[in-house]
Amino acid sequence: MKADVTQKPGLTWLLAVILVASLVSILAYATSNQSKASDAAVQSSSVGAVSASLPTPVGTVTYAMPTLAPPPSLINASPAEIGHTAIAATYASKRVVSGKPQAVLVRPVTLEQLGEMGLGWTHFSTAEEPPLMLVILKGDFSSSANLFAPYVEVTPCPLGLGGIKNCPEPEHYHYVGYVYDLWASVPSIFMQSKDGSIFRQALNDLSLPNDESPLNPPGYKPASSGGLSVLHYGDTGIGEPSEGKVVHQGYTGAAHYIAYSGINHHNDMDNQPADPNHLYATVAWNWNAPTGGQDYIAANNRLLPQVAAQGGQVEVSVVFKDYMPVTDFSTFVQKYSVKPSLSYVRATDENPKPVYAPYYTLKLNANNADAIPQAALDSQLSTLKSDPQKQVNLKGVYVTHAWVDAKQLTALAADATVYYVDINANLVRSDLAKANIADSAQTQVITYPQLIFNSLVEQPYQKR
């Protein structure tokens, strides 16, 4: 999950770019010095939720931070407990210079309310906004390059010339602010102020100076991106690899693609480690445009007869119009002699106030006997249902990555349960072959059919 922020320059506003893995929260939590926090005074107030939905920019890359231990859940914690947690984390990060920090404000907040407080307009790139809690601490704090310690592994200060540590001298701040993501149980945003002036509006404290500009001017509100949310909270990120060498770029007639060599740390379409001995290509449709997904599907469908005419086994991703029950899926693959390799199965938490994200993605690799191995499905569901607060409901299969005889393509795409059949992996390999790129036939092509389902099929269901 990533938060994007609109801000004024020159002020300290750091976003934690958080990838929340499916089924488990990530990022670290340290409990050292919690006893020092027990004396802290915590003041809390509640606010009404803002019902208006937020514009959501999409297509952003998400990154995982190194983790320590899983943090204790904060979803049902009281404001006082979350305030104590923030104080304990501040001690553990060695940011307290003197005295005892005080939590002067702990309150539920939405991203829109943060903007209204002058604390920057922020948007999550996911369909769901997690419950958030704003914590503002007052005390004597030092600045730090490791603002999110102890939630992440920190890198020691590097040594410069002559063995001298190349770190700036810390500055003193009297206010720090955290915005806790209660699903992940860690802060997603950190702010600090020397004199508290950026928190003047949030604290409703007119005694604070007014000489430090707010992170956004009064009355400012960013325009909507116009795009669709293509990720659910907890989905893994999308984007181009940061490693490898670009070998070729091209256009299939439906989407642009980039082919790389030397990819070592990414997965293929079956969620298995990519083979660095073969090319790795990523396909990108314009998910930032309101009609980007529909345009991609229309072009894909126009080119499907071309792939069907190739003959032999072709690689496809089948996206369904709705969740298909697992038993029906087995019948479907037999009908068209489909050979699934990886299927996406949806489960949801029907609790009106979910303790984590309401949507869960189960990725299940087929074996020689079953398109959806029952033991693997039961194991993943058991993990989800281990929390008694969750009301887990198995919905069904919504995407499958598979191989099928080209003769079946037309009938497969016309099936009443099918939204569309993605054939771009074949188009990429053909285009690479035309460009005389070596080993083009073995290229591992990454398309994102699950994002089409999220944004165009599941869109009516995502606001729970």
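Structure first, text after, so check above.
Described in the following lines is the structure provided in the data block.

What counts and how
Residues numbered from 1 in each chain as written. Predicted model: local features only at pLDDT ≥ 70, side-chain atom pairs only at ≥ 80, totals over all residues. Heavy atoms only, no water. Helix = DSSP H or I, 4+ residues; strand = E, 2+ residues; numbered from the N terminus. Contact = heavy atoms within 4.5 Å. Areas by Shrake-Rupley, 256 points an atom, 1.4 Å probe, with all protein chains shown as cover. Buried < 20%, exposed > 50% of the residue type's maximum accessible area, 1.4 Å probe, protein only. Pairing = 2+ DSSP bridges. Axes fitted to C-alpha atoms, helices over the stretch in contact; angles between N-to-C directions. Phe/Tyr/Trp six-rings, centres within 6.5 Å; stacked < 30°, edge-to-face > 60°. Lys NZ or Arg CZ within 6 Å of the ring centre and 35° of its normal. Parallel < 35°, antiparallel > 145°, perpendicular 65-115°, else oblique. Left-handed = near helix turned anticlockwise from the far one by under 90°. Salt bridge = Lys/Arg side-chain N within 4 Å of Asp/Glu carboxyl O.

## A short note on the overall build of the protein
Next, step 1: Counting secondary structure elements, the protein contains 10 helices and 17 strands.
Next, step 2: Within the protein, contacts between residues separated by at least 24 positions form 76% of all contacts whose residues are at least 6 apart in sequence.
Next, step 3: Accessible surface, the protein: about 20,300 Å² in total, of which carbon and sulfur atoms supply 52%.

## A word on the environment of Val 283
Next, step 1: Relative to the elements of secondary structure, Val 283 occurs in strand S11 (residues 280-284).
Next, step 2: Judged by its relative accessible area of 2%, Val 283 falls in the buried class.
Next, step 3: On a C-alpha basis, the gap between Val 283 and Asn 424 in space is 7.9 Å, while along the polypeptide they are 141 residues apart.
Next, step 4: Apart from residues lying up to four places away in sequence, Val 283 is in contact with Ala 255, His 256, Tyr 257, Tyr 296, Val 428, Val 445, Ile 446, Thr 447 and Tyr 448.

## Side note on the sheet that holds strand S9 (residues 245-251)
Next, step 1: Across the sheet, 4 strands lie side by side as S9-S10-S11-S17; this open sheet has mixed pairing. Unpaired on one side and paired on the other, S9 and strand S17 (444-446) mark the two borders of the sheet. For this sheet the average axis-to-axis angle between neighbouring strands, irrespective of direction, equals 20°.
Next, step 2: As paired elements, S9 and strand S10 (residues 256-261) share 6 bridges and run antiparallel to each other. If you follow Tyr 251 over to S10, its bridge partner there is His 256.

## Regarding the packing of aromatic side chains
Next, step 1: Following the criterion strictly, the structure yields 16 aromatic pairs and no others.
Next, step 2: Linked through ring pairs, Trp 183, Tyr 233, Tyr 356 and Tyr 360 together constitute an aromatic cluster.
Next, step 3: Above the ring of Tyr 173, the side-chain terminus of Lys 194 is found at 5.9 Å from the ring centroid.

## Side note on the packing of helix H5 (residues 292-308) against helix H9 (residues 424-434)
Next, step 1: Here H5 crosses H9 at 65°, and the two axes come no closer than 10 Å. Relative to H9, H5 is oriented roughly perpendicular. Pair H5 / H9 crosses with left-handed handedness. Residues Tyr 296, Asn 300, Leu 303, Gln 306 and Val 307 of H5 pack against Asn 424, Asn 426 and Leu 427 of H9.

## Concerning the pattern of salt bridges
Next, step 1: Counted by the stated rule, this structure contains 4 salt bridges.
Next, step 2: Asp 415 is paired through a salt bridge with Lys 335; the nearest N and O atoms lie 3.6 Å apart. Of this pair, Asp 415 sits in the loop between helix H8 (409-414) and strand S16 (418-422) while Lys 335 sits in helix H6 (residues 326-335), placing them 80 residues apart in sequence.
Next, step 3: Under the relative-accessibility criterion, Asp 415 is labelled buried at 10%.
Next, step 4: The exposure class of Lys 335 is exposed, given its relative accessible area of 57%.
Next, step 5: In this structure, Lys 395 and Glu 350 form a salt bridge, with 3.9 Å as the shortest nitrogen-oxygen distance. You can see Lys 395 sitting in strand S15 (residues 392-405) and its partner Glu 350 sitting in the loop between strand S13 (339-349) and strand S14 (359-365), a full 45 residues away along the chain.
Next, step 6: Of the residues examined, Glu 350 reaches a relative accessible area of 29% and is grouped as partly exposed.

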